[in-house]
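Here is how the chains run, residue by residue.
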Amino acid sequence: MPTEARPSTGEQAKQHALARLRQAILHGEMAPAQRLVENELAEQFGVTRASIRAALIDLEAQGLVERIRNRGSRVRVVTVEEAVEITECRMALEGLCAARAAVAASDGQLVELTELGTAMTKAVADGEPVTYSDLNHRLHTRIQEFSGQGTALELLERLNAQLVRHRFRLALRPGRPQQSLTEHLAVIEAIRARDPQAAETAVRAHLTRVIEALRD
């Protein structure tokens, strides 16, 4: 957004700051435990401190920021055990979405999943873990969207936002993308076969391996 068009106060200013801060955290531009100084952020985004403070409160509710009494705010640190717990919750929700997608997805949507699988295979073969990680995230999101389960989609969006740092670490671990690829292709194949039980089983198997990798 051009500087002159930025709203400096009010709800629009808060939403502008919220979007910018959320993007910075999710893209790794702000590291876990990094302090979030209201004055500096207000100047950076061209809004008031009140708008920044309101945005930080929303981000705290989303699990991305923690506000420490008398010490201000910082990017929340998600421990390995928290990441495991979040992934256990994802297992139930994403299993449901995969089962629904196997029934509800259109033929065109099944083609899109197949194309994502092809792109993921290429990323692994080309040794591009960051590209693979992005495609991985996109595949999960598209399956959730194709399921038509709006409530699960909203819950998963919040849960997955807290796992960004761990997701990137796993993607960069030697050998993990190759293992993960096989798991994702099994999910795609089950959905393409329109087998809801197999799709849910494949998702649960994949996320079980994710939990094991997180604990390694």
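What you see is a predicted model, and the numbers here were worked out from it, not measured in a lab. (Residues numbered from 1 in each chain as written. Predicted model: local features only at pLDDT ≥ 70, side-chain atom pairs only at ≥ 80, totals over all residues. Heavy atoms only, no water.)

**Q** Residue-level account of the side chain of Ser133, with values.
**A** Residue placement: Ser133 occurs in helix α6 (residues 129-147). For Ser133, a relative accessible area of 1% gives the class buried. At a separation of 3.1 Å, a polar atom in the side chain of Ser133 contacts the side chain of Arg167. If we ignore the near neighbours within four places in the chain, the residues touching Ser133 are Arg167, Phe168 and Ala171. (Helix = DSSP H or I, 4+ residues; strand = E, 2+ residues; numbered from the N terminus. Buried < 20%, exposed > 50% of the residue type's maximum accessible area, 1.4 Å probe, protein only. Polar contact = N/O pair within 3.5 Å; in protein donor to acceptor, adjacent residues only side chain to side chain. Contact = heavy atoms within 4.5 Å.)

**Q** Pulling in residues and values, what's your account of empty space enclosed by the protein?
**A** Counted by the stated rule, this structure contains two cavities of 30 Å³ or more. For the largest cavity, the calculated volume is near 320 Å³. Forming the boundary of the largest cavity are 22 residues, of which Arg90, Asn136, Arg167, Leu170 and Val210 lie nearest the centre. Elements supplying a minimum of two residues to the lining of the largest cavity: α4 (80-104), α6, α8 (164-171), α9 (176-192) and α10 (196-215). No other element matches the seven residues that α6 contributes to the lining of the largest cavity. Considering only residue class, the lining of the largest cavity consists of eight nonpolar, eleven polar and three charged. Its boundaries defined by the atoms lining it, the second largest cavity holds a volume of some 80 Å³. Lining the second largest cavity are Glu94, Cys97, Ala98, Leu139, His140, Ile143, Gln144, His184, Val187, Val203 and His206. Mapped by element, the contributors of at least two residues to the lining of the second largest cavity are α4, α6, α9 and α10. (1 Å grid on protein atoms, 1.4 Å probe; cavity = no way out; pocket = protein on both sides within 12 Å on 5 of 7 lines; lining within 4 Å. Points joined across faces, edges and corners; volume = space filled by probe spheres on them. Nonpolar A, V, L, I, M, F, W, Y, C, P; charged D, E, K, R; others polar.)

**Q** So, the sheet that holds strand β1 (residues 35-36): which residues are in play, and what are the values?
**A** To summarise the sheet geometry, strands pair through backbone hydrogen bonds and adopt either a parallel or an antiparallel arrangement. Pairing in this open sheet of three strands is antiparallel, and the strands run β1-β3-β2 from one edge to the other. Every other strand in the sheet has two partners, leaving β1 and β2 (65-68) as the edge strands with one partner each. Here two bridges tie β1 to strand β3 (residues 72-75), and the two strands are oriented antiparallel to one another. When the sheet's bridge partners are listed, Leu36 is paired in β3 with Ser73. The strands touched by helix α3 (residues 49-61) within the sheet are β1, β2 and β3, with β2 carrying the most contacts at an inclination of about 115°. (Pairing = 2+ DSSP bridges. Axes fitted to C-alpha atoms, helices over the stretch in contact; angles between N-to-C directions.)

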